[in-house]
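Commentary on secondary and tertiary structure
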Amino acid sequence: MENAIRWSLGFIVGAAWSVANFYFTVNIFKISVLKKDATKLTALVLLKFPVLYLAGFLILISKAFPVAGLLTGLTAALITMGIVKLCTKQA
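Residues numbered from 1 in each chain as written. Predicted model: local features only at pLDDT ≥ 70, side-chain atom pairs only at ≥ 80, totals over all residues. Heavy atoms only, no water.

1. Topic: the nonpolar core
Basically, it comes down to this: Nine residue types can take part in a nonpolar core, namely buried Ala, Val, Leu, Ile, Met, Phe, Trp, Tyr and Cys, and a core is a set of them joined through side-chain atoms within 4.5 Å. Using a 1.4 Å probe on the protein chains alone, a residue whose accessible area is under 20% of its type maximum counts as buried, one over 50% counts as exposed, and one in between counts as partly exposed. Numbering of helices and strands runs from the N terminus; a helix is a DSSP stretch of H or I covering at least four residues, while a strand is a stretch of E covering at least two. Here, residues are in contact when the closest pair of their heavy atoms is within 4.5 Å.
Of all hydrophobic cores here, the largest spans five residues; its members are F24, I28, I31, L44 and L52. Residue assignment for this core shows that the elements contributing at least two residues are helix 1 (2-34) and helix 2 (38-62). Per element, the largest residue contribution to this core is three residues, and it comes from helix 1. In contact with I31, not counting residues within four places along its chain, are K36, D37, K40, L41 and L44.

Encoded structure:
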């Protein structure tokens, strides 16, 4: 029972990390391509690379969650975001 709870929590943590990573990536691309505010771009890059990736590394080395749960959450979140993006496109 405890393993199932840890796996489920790992799934949720992996999905949340994936969504945050996708959000930062999309916003960095938008700001870069549209040549908008450079300070906002710097803030997003400083949040994404050191903070988000360090958090992901610490999650992995802590072994608090099974790696399979984390990877499944990462993958499921990406697939879900892709499906939602395809279904909500304007005709």
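2. Focus: the packing of aromatic side chains
How we decide: Ring geometry is summarised as follows: Phe, Tyr and Trp rings, the Trp one being its six-membered ring, pair when their centres sit within 6.5 Å, and such pairs are stacked at plane angles under 30 degrees, edge-to-face over 60 and tilted between the two.
Using the criterion set out here, one finds four aromatic pairs in the structure. Three or more aromatic residues link up through ring pairs in this structure, and these residues are W17, F49 and Y53.

3. Points about helix 2
Definition in use: Here, expected helix span is obtained from the residue count minus one, scaled by 1.5 Å. Bend is the name given here to the angle between axes fitted to two runs of seven residues, the run ending at a residue and the run starting at it.
An ideal rise of 1.5 Å per residue puts 36 Å on 25 residues; helix 2 measures up with 35 Å between its terminal C-alpha atoms. For helix 2, the principal kink sits at K48 and spans about 30°; a proline, P50, occurs within the next four residues. Turning to helix 2, its buried residues are L44, K48, L52 and G56. Residues of helix 2 that are buried in the fold lie against helix 1.

4. Topic: the side chain of S18
For clarity, the cut-off: N or O atoms within 3.5 Å of each other form a polar contact, as long as, within protein, one can give a hydrogen and the other can take it, and as long as residues adjacent in sequence are counted only when both atoms are side-chain atoms.
Its location among the elements puts S18 in helix 1. S18 gets classed as buried once you look at its relative accessible area, which sits at 4%. Within the structure, S18 has its side chain in polar contact with the backbone oxygen of L74 (distance 3.4 Å). In contact with S18, other than residues within four places in its own chain, are L74, A77, L78 and M81.

5. Quick notes on the packing of helix 1 against helix 2
The line we're drawing: For helices, the axis comes from a line fit to the C-alpha atoms of the stretch in contact; other axes are also lines fit to C-alpha atoms, and the angle between any two N-to-C directions lies between 0 and 180 degrees. By the definition adopted for this analysis, an angle is roughly parallel if under 35 degrees, roughly antiparallel if over 145, roughly perpendicular if from 65 to 115, and oblique otherwise. Crossing handedness is read from the near helix: turned anticlockwise from the far helix by less than a right angle, it gives a left-handed crossing, and turned clockwise, a right-handed one. Think of it as three bins: nonpolar holds Ala, Val, Leu, Ile, Met, Phe, Trp, Tyr, Cys and Pro, charged holds Asp, Glu, Lys and Arg, and polar takes everything else, Gly as well.
Put simply, helix 1 and helix 2 touch, their axes get as near as 10 Å, and they point 160° apart. Our classification of the angle between helix 1 and helix 2 gives roughly antiparallel. Note on packing geometry: the crossing formed by helix 1 with helix 2 is left-handed. Contacts between helix 1 and helix 2 involve V13, W17, A20, N21, F24, T25, N27, I28, I31 and S32 on the former and, on the latter, K40, L41, L44, V45, L47, K48, L52, Y53, G56 and I59. Considering only residue class, the contact of helix 1 with helix 2 consists of 13 nonpolar, five polar and two charged.

Read these as spatial facts, not as claims about activity.
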